[in-house]
Every structure is written in structure tokens, then in C-alpha cells.
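Descriptive analysis of the structure
One letter stands for each residue in the lines below.
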Amino acid sequence: LGQRLVATEPEIQPQPMFADDREHVPEADAPDPREDDTETAVVARAQRIVAIRVTAPSPSRFEGSLLQEALAAEGFEFGRYQVFHRLDKTGRPVISLASLREPGTFDPATMAGAAYAGVALFSVLPGPVPAQQAFEELLAVGRSFAGRLGGNLQDDRGAPLSVHRVAQLREEMMNLDRAQSGQSGR
């Protein structure tokens, strides 16, 4: 464990990924609700991001080189928005990974020498796979990262990821899949 963590001075505590975790569309992709009430715009506004975090035990940090090894082992590729993505067979992101340090981006050329307080894993839903499948992959990858890096698994607000919270998220994903199948059946 000592080989995997780097002790450094404490940084500013990571803030919640999003103020409202119910629905969030990145600003660049968010439609103006006054502009369009077509079915496409309504579905776009219904996007949801489900996220979990993997953090280093304070005051330690994850070594960038070990983070790169974990990313490679889990099949992540550096890409759009300067973050890492795990893609489906058609090239669409199922899971993305950002740094908890603002602005959340990475520079692969300098990662090996850097240290990270933690990472956020997230899926934008609806996505290329059903919400339930995306969440299960997200959870499995989060657990893998926590194990590989000696980190802590947390929810999107920084609380320990409890069995109860996992059950809540699974139920939300089931409801999202039901809502999505109802919309596509129209």
C-alpha cells in the first residue's frame, strides 16, 4: 500500500461533482428550454449523470503512473473533454473518468509525475447501454480502481458508498430504463 500512495500537503477538499445530482446536462450540450420543445429536446433535458468517486486516503494521493496503469487495465482511452473514457464497441462512452481537481481534466504527458486526490467515474444516461448495465459497469470499475490504488469508494457527494446507496442507485437506474423504454415505445 505504501508504494501506491504519495503523501503530500493537503489540498482543497473536492466539491460535489454537481450541485444537483438528479439531472445534469453539461452546459455546452444543454438545450435552451425556450428554443425547442420537440421530442428530441425533451429527451435531451432528461439526461442524467450517475457518478461515484475513488479517493486516496487523506493526506495521501494516487501516483499518476499507477493511475495510468489502472486506466489501461480497465480499457480506458484518453479523449473528448480531456478525460478518459471506456467505450462500447461502436466507440461511444459508457463510462468516463475525470480528476477531482478542477477542472477535472488530465494531461497524459504529465500524469506519470503527478499525484491525484481522487477521480470521479461517471456515465451519462441514457447512453449506448441500458442504465442498469452502465451502473453495474461503473460500480465494478470503481471497485477495481479502489482495489488497485488502495482507495476509498464514495458516492457523488463524497460520502462512503454504502450498500443502501448502491441499492438506491440501482432502483433509480431501473426506473430510468423503464422511462426510456416507455419513451421509445411511443
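The structure under discussion appears in the preceding block.
Described below are features of the structure shown in this document. (Residues numbered from 1 in each chain as written. Predicted model: local features only at pLDDT ≥ 70, side-chain atom pairs only at ≥ 80, totals over all residues. Heavy atoms only, no water.)

**Concerning the overall build of the chain**
Along the chain, the regular secondary structure elements total 4 helices and 9 strands. Scanning the chain from its N terminus toward the C terminus, one meets helices and strands in the order β-α-β-β-α-β-β-β-β-β-α-β-α. Taken over 186 residues, the chain has a buried fraction of 37%. Considering only contacts within the chain whose residues lie at least 6 apart along the sequence, 70% involve residues at least 24 apart. Accessible surface for the chain amounts to roughly 10,400 Å². Of this, 52% is attributable to carbon and sulfur atoms. (Helix = DSSP H or I, 4+ residues; strand = E, 2+ residues; numbered from the N terminus. Buried < 20%, exposed > 50% of the residue type's maximum accessible area, 1.4 Å probe, protein only. Contact = heavy atoms within 4.5 Å. Areas by Shrake-Rupley, 256 points an atom, 1.4 Å probe, with all protein chains shown as cover.)

**Considerations on the nonpolar core**
Of all hydrophobic cores here, the largest spans 34 residues; its most connected members are Leu67, Phe76, Leu97, Leu121 and Phe145. Going through the elements one at a time, strand E2 (48-55), helix H2 (64-73), strand E6 (93-99), strand E8 (118-125), helix H3 (131-149) and helix H4 (163-184) are the ones with two or more residues in this core. With 9 residues, H3 is the largest single contributor of residues to this core. Those residues in contact with Phe145, other than ones at most four positions away along the chain, are Val54, Leu67, Ala70, Leu71, Glu74, Phe76, Leu97 and Gly150. By size, the runner-up hydrophobic cluster in this structure holds 5 residues, among which are Ile49, Ala51, Val83 and Ala98. (Core = buried A, V, L, I, M, F, W, Y, C linked by side-chain atoms within 4.5 Å.)

**A closer look at the pairing of E2**
Most of E2 is tucked away: 8 of the 8 residues are buried. Burial of the side chains of E2 extends over both faces: Arg48, Val50, Ile52 and Val54 are buried on one face and Ile49, Ala51, Arg53 and Thr55 on the other. Where E2 and strand E9 (residues 152-155) come together, 4 bridges link them in antiparallel fashion. Counted as the bridge partner of Ile52 is Asp155 from E9. (Pairing = 2+ DSSP bridges.)

**Some words on the packing of H2 against H3**
Two elements in contact, H2 and H3, have axes whose closest approach is 10 Å; the angle formed by their N-to-C orientations is 145°. Where H2 crosses over H3, the handedness of that crossing is right-handed. In this structure, H2 contributes Leu66, Leu67, Ala70, Leu71 and Ala73 to the contact, and H3 contributes Phe145, Arg148 and Leu149. Of the residues belonging to the contact of H2 with H3, the class tally is 7 nonpolar, no polar and 1 charged. (Axes fitted to C-alpha atoms, helices over the stretch in contact; angles between N-to-C directions. Left-handed = near helix turned anticlockwise from the far one by under 90°. Nonpolar A, V, L, I, M, F, W, Y, C, P; charged D, E, K, R; others polar.)

**Some details on the pattern of salt bridges**
Enumeration according to the criterion identifies 7 salt bridges in this entry. Ionic pairing is found between Arg86 and Glu74, a salt bridge with its closest N-O pair at 3.3 Å. In this pair, Arg86 is assigned in strand E5 (residues 84-87) and Glu74 in the loop between H2 and strand E4 (77-78), connecting sequence segments 12 residues apart. The exposure class assigned to Glu74 is buried, which follows from its relative accessible area of 16%. Taken together, the salt bridges that share partners define one network made up of Arg48, Asp155, Asp156, Arg165 and Glu172. (Salt bridge = Lys/Arg side-chain N within 4 Å of Asp/Glu carboxyl O.)

**So, H3**
In an α-helix, one full turn covers 3.6 residues, which means residues spaced three or four apart are oriented alike. For H3, built from 19 residues, the straight-helix expectation of 27 Å at 1.5 Å per residue is met to within 8% by its first-to-last C-alpha distance of 26 Å. Residues of H3 that are buried include every one of Ala131, Ala134, Phe135, Leu138, Leu139, Val141, Gly142, Phe145, Ala146 and Leu149, and no others. Positive phi appears at Gly150, one or two residues downstream of H3, with a value of about 70°. (Expected span 1.5 Å × (residues − 1).)

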